[in-house]
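Survey of secondary and tertiary structure
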Amino acid sequence: MLPTTPSKDMPPRPIGAKWQIRLFAVMSIALAVMIVWVSNLWLTDRFTERTRSSAELRVALYSNAIISELQRNRVVPLLLSRDPLMVSALNSNDFSATSQRLISFSEEIGAAQLRLLDEEGRTVASSDRTQIGEAHRNAGFFVNALRTNDTIFTTTELDTGAVQFNYSRRIESEKQGIGVIVVDVDLRQFEGRWRSSSEAVMITDSEGQIVIATDPRWRGQGVDEALAASSPASAFQRAMDATNGIFDLGRSPDAYLRGEAVMQVDRRIPFRGWRLISFSTYASVRERVNGVLALEIMGFAIVLALTFYVLSRRAQSAAGFFRRESEQLRELNARLSREIAERKKMQETLAVAEQSLAQSQKLAALGEMSAAVSHELNQPLAAMKTYLAGAKLLLQRKRPEEAQSSFQRIDDLIERMGAITKQLKSYARKGGDTLLEVDLRDAVSGSLSMMEPQLKRGDVKVLVTLPDHPVPVIADRVRLEQVIINLFRNALDATKTLDAPQIEIMLNAGETATLSLRDNGEGIENLDDLFEPFYTTKQPGEGVGLGLAISSSIVTELGGTLTARNGQSGGAVFEMQLPMHNSAHNEAVDAEPIKAAE
């Protein structure tokens, strides 16, 4: 209730009340100043820690990006040193097709540059044809590679002041070095990605020299030398100037860049003693703190202004105040009565709408399940028709033993149809079935056996690449084979108009089990809606668009992912990734032999 001024019937206000008002105003201002000061210290500490945490997270991401780029390029020299085309070209001095092969390798793996050097250090082939003929006889990456059988990492400072990073490895023929393969690693790409107006990043080697930096003038210098002598960009300087507010940061900065305080975060990169150092300004801290303080000051000002306004309005009489309050309460009571009546009416309408929506959802679910059953049972029924025709022909030729095998397959298909109808509920609910350890190789083989009649009828060339060791995953084998058959069937539909249809299946075991299925069809036009229910590119009557949606739902429930893309050489590529069950199989086995079946 607002204080009111005395009326004729009220006693006059005592003279001491003026001093009470002044004392209240002074105490309010003192309290406001104290709150703003404490808020500044607390908010500065909190936002500084948050900014430091963000900087540490970015530094970790930067470090992982460097390691990933180095590891990705490290295996390339080992693979190319064993390439028969490279060895044959060095032995015969015929390099007509070598450069083109290096160009294709460079585009596929994303390497900066690939070079082939003969035993004299002369560039005989390169993904950059302008460098063919250059001599590198005395270069460190050439000399060191010839002396050992391992892959050598070399850092070379160019005449322009830039630093070049490369991996090199000796190419042998009959245990004699006949050349060197060199892979240039483009680490300078990160300089542009990391460049920011409020952050500076540098990487130092084991000797403390800067090899990568967002400011090119820092390369080749020590950290202290770069901080003392380098001139930051104007945007970076303006960002640091923004930290000079009316309040201190409340703590000592980590470093100074040309006299300006910055936050330093460094991290060791597990590679040849490298370290990654990040310098961030306190601009965001100061802006956030000043913003909150401005809101607090404005709030106190508004409260103080309202207080004086209320005190200045005490000329109203108590009777008038209560009269107006009574009128407002009556109006409020009438308005609340109307709102209650309207709310009751809306609740009744909402109840009717909810019943209609529930019925619509039931009908939609019934239609979806009916279409799914039709789609998923079509494949086993087609296979049963083929086996019945074969069994009939075998019985006519008086070969009952072979016909018995066809009947056994038909019996297996009937059991599978029962299992499929049971598993089709997975699209509408979340799991619940018992999952067991399954060798993904067996699931692939079982799916190929199921698709055998369609493959023979369509004269499709199938290339299968499976590892020699088991690939264990936790799954339901029937549902897993259902996904593989759906992907296989889509590939058959995509290649049915081709003269030489071909499907390639490749299974890799690393940190995850990855199954890739590639066809040589026309590819996929709309990748965004591919896994949406009832989306299909087939003609009416050929499909309802539920196969990929169900497959994606099954793979997601198993803890994996199902993705699709268009291959570089044409066709569609579907990739299913599932977590490995046994941690002993999580390491990559690229060097182990694999078996291929056609």
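Above this text sits the structure in question.
About the thresholds
- Residues numbered from 1 in each chain as written.
- Predicted model: local features only at pLDDT ≥ 70, side-chain atom pairs only at ≥ 80, totals over all residues.
- Heavy atoms only, no water.
- Helix = DSSP H or I, 4+ residues; strand = E, 2+ residues; numbered from the N terminus.
- Buried < 20%, exposed > 50% of the residue type's maximum accessible area, 1.4 Å probe, protein only.
- Contact = heavy atoms within 4.5 Å.
- Axes fitted to C-alpha atoms, helices over the stretch in contact; angles between N-to-C directions.
- Parallel < 35°, antiparallel > 145°, perpendicular 65-115°, else oblique.
- Left-handed = near helix turned anticlockwise from the far one by under 90°.
- Nonpolar A, V, L, I, M, F, W, Y, C, P; charged D, E, K, R; others polar.
- Phe/Tyr/Trp six-rings, centres within 6.5 Å; stacked < 30°, edge-to-face > 60°.
- Salt bridge = Lys/Arg side-chain N within 4 Å of Asp/Glu carboxyl O.
- Pairing = 2+ DSSP bridges.
- Patch = residues over 30% accessible without salt bridge, like charges linked within 9 Å, V, L, I, M, F, W, Y side chains within 5 Å.
- Areas by Shrake-Rupley, 256 points an atom, 1.4 Å probe, with all protein chains shown as cover.
- Core = buried A, V, L, I, M, F, W, Y, C linked by side-chain atoms within 4.5 Å.

Note that Ser516 resides in strand 15 (residues 512–519). Residue classification places Ser516 among the buried positions, given a relative accessible area of 17%. Not counting residues within four places of it along the chain, the set of residues in contact with Ser516 comprises Glu504, Ile505, Met506, Phe574 and Glu575.

A few words now on helix 11 (residues 440–450). Of all eleven residues in helix 11, eight are buried; the element is thus mostly enclosed. For helix 11, the complete set of buried residues consists of Leu440, Arg441, Ala443, Val444, Gly446, Ser447, Leu448 and Met450.

For the pair helix 11 and helix 13 (residues 477–495), the least separation of the axes is 9 Å and the interaxial angle reads 55°. Between helix 11 and helix 13, the interaxial angle falls into the category oblique. Where helix 11 crosses over helix 13, the handedness of that crossing is right-handed. Between helix 11 and helix 13, the contacting residues are Leu440, Asp442, Ala443, Val444, Gly446, Ser447, Leu448 and Met450 on the first element and Arg477, Leu480, Glu481, Ile484, Ile485 and Phe488 on the second. Of the residues assigned to the contact of helix 11 with helix 13, the class counts are nine nonpolar, two polar and three charged.

So, about the packing of helix 13 against helix 14 (residues 547–557). Two numbers describe how helix 13 lies on helix 14: the axes approach to 9 Å, and their chain directions differ by 145°. Crossing handedness for the pair helix 13 and helix 14: left-handed. Judged by residue contacts, Arg479, Gln482, Val483, Asn486, Leu487 and Asn490 of helix 13 engage Gly547, Leu548, Ile550, Ser551, Ile554, Val555 and Glu557 from helix 14. Here the residues of the contact of helix 13 with helix 14 sort into six nonpolar, five polar and two charged.

Turning our eyes to something else, we now look at the packing of aromatic side chains. All chains considered together, the criterion is met by eight aromatic pairs. Put simply, the rings of Phe153, Phe165, Tyr167, Phe271 and Trp274 pair up and form one aromatic cluster.

Counted by the stated rule, this structure contains twelve salt bridges. Across the pair Glu120 and Arg137 runs a salt bridge, and its minimum N-O distance is 2.7 Å. With Glu120 in the loop between strand 1 (113–118) and strand 2 (123–126) and Arg137 in the loop between strand 2 and helix 4 (140–146), this pair connects stretches of sequence that are 17 residues apart. Across the salt bridge formed by Glu402 and Arg399, the nearest N and O atoms sit 2.4 Å from each other. Accessibility expressed as a relative area gives 31% for Arg399, which makes it partly exposed.

A word on the sheet that holds strand 4 (residues 163–173). Strands sit in the order 2-1-5-4-3 across an open sheet of five strands; the sheet is antiparallel. Of all the strands in the sheet, just strand 2 and strand 3 (152–157) have a single pairing partner and so form its edges. Sheet twist, expressed as the mean angle between neighbouring strand axes with direction ignored, is 30°. Of the pairings in the sheet, the one linking strand 1 to strand 2 comprises three bridges and is antiparallel in character. Bridge assignment links Leu116 to a residue of strand 2, and that residue is Ala125. Helix-sheet contacts for helix 2 (residues 84–92) involve strand 1, strand 2, strand 4 and strand 5 (176–185), and the interaxial angle to strand 4 is about 75°.

A cluster of nonpolar side chains, contributed by Leu31, Met34, Ile35, Trp37, Val38 and Leu41, occupies part of the molecular surface with about 570 Å² of accessible area. For Met34, the location among the structural elements is in helix 1 (residues 17–81). Met34 sits in the partly exposed class, given a relative accessible area of 48%.

Okay, the environment of Gly446 next. Within the element layout of this structure, Gly446 appears in helix 11. Beyond its immediate sequence surroundings of up to four residues, Gly446 is in contact with Arg477 and Glu481.

Quick look at the nonpolar core now. Taken as a class, soluble globular proteins show a tendency for nonpolar side chains to be buried jointly. Residues Leu440, Leu480, Phe488 and Met576 are the most contacted members of the largest nonpolar core, which totals 50 residues. Top contributing element to this core by residue count: helix 13, with eight residues. Counting residues in hydrophobic clusters, the runner-up holds 23 residues, among them Val163, Leu187, Phe190 and Leu276.

What follows concerns the pairing of strand 14 (residues 502–509). Burial along strand 14 is one-sided: Ile503, Ile505, Leu507 and Ala509 are buried, while Gln502, Glu504, Met506 and Asn508, pointing the other way, are not. Of the pairings in the sheet, the one linking strand 12 (residues 461–467) to strand 14 comprises five bridges and is parallel in character. Bridge assignment links Thr465 to a residue of strand 14, and that residue is Met506. Across seven bridges, the pairing between strand 14 and strand 15 is antiparallel. Directly across from Ile505, in strand 15, lies its bridge partner Leu517. Counted between consecutive antiparallel strands, the loop separating strand 14 from strand 15 contains two residues.

Read these as geometric descriptors, not functional statements.
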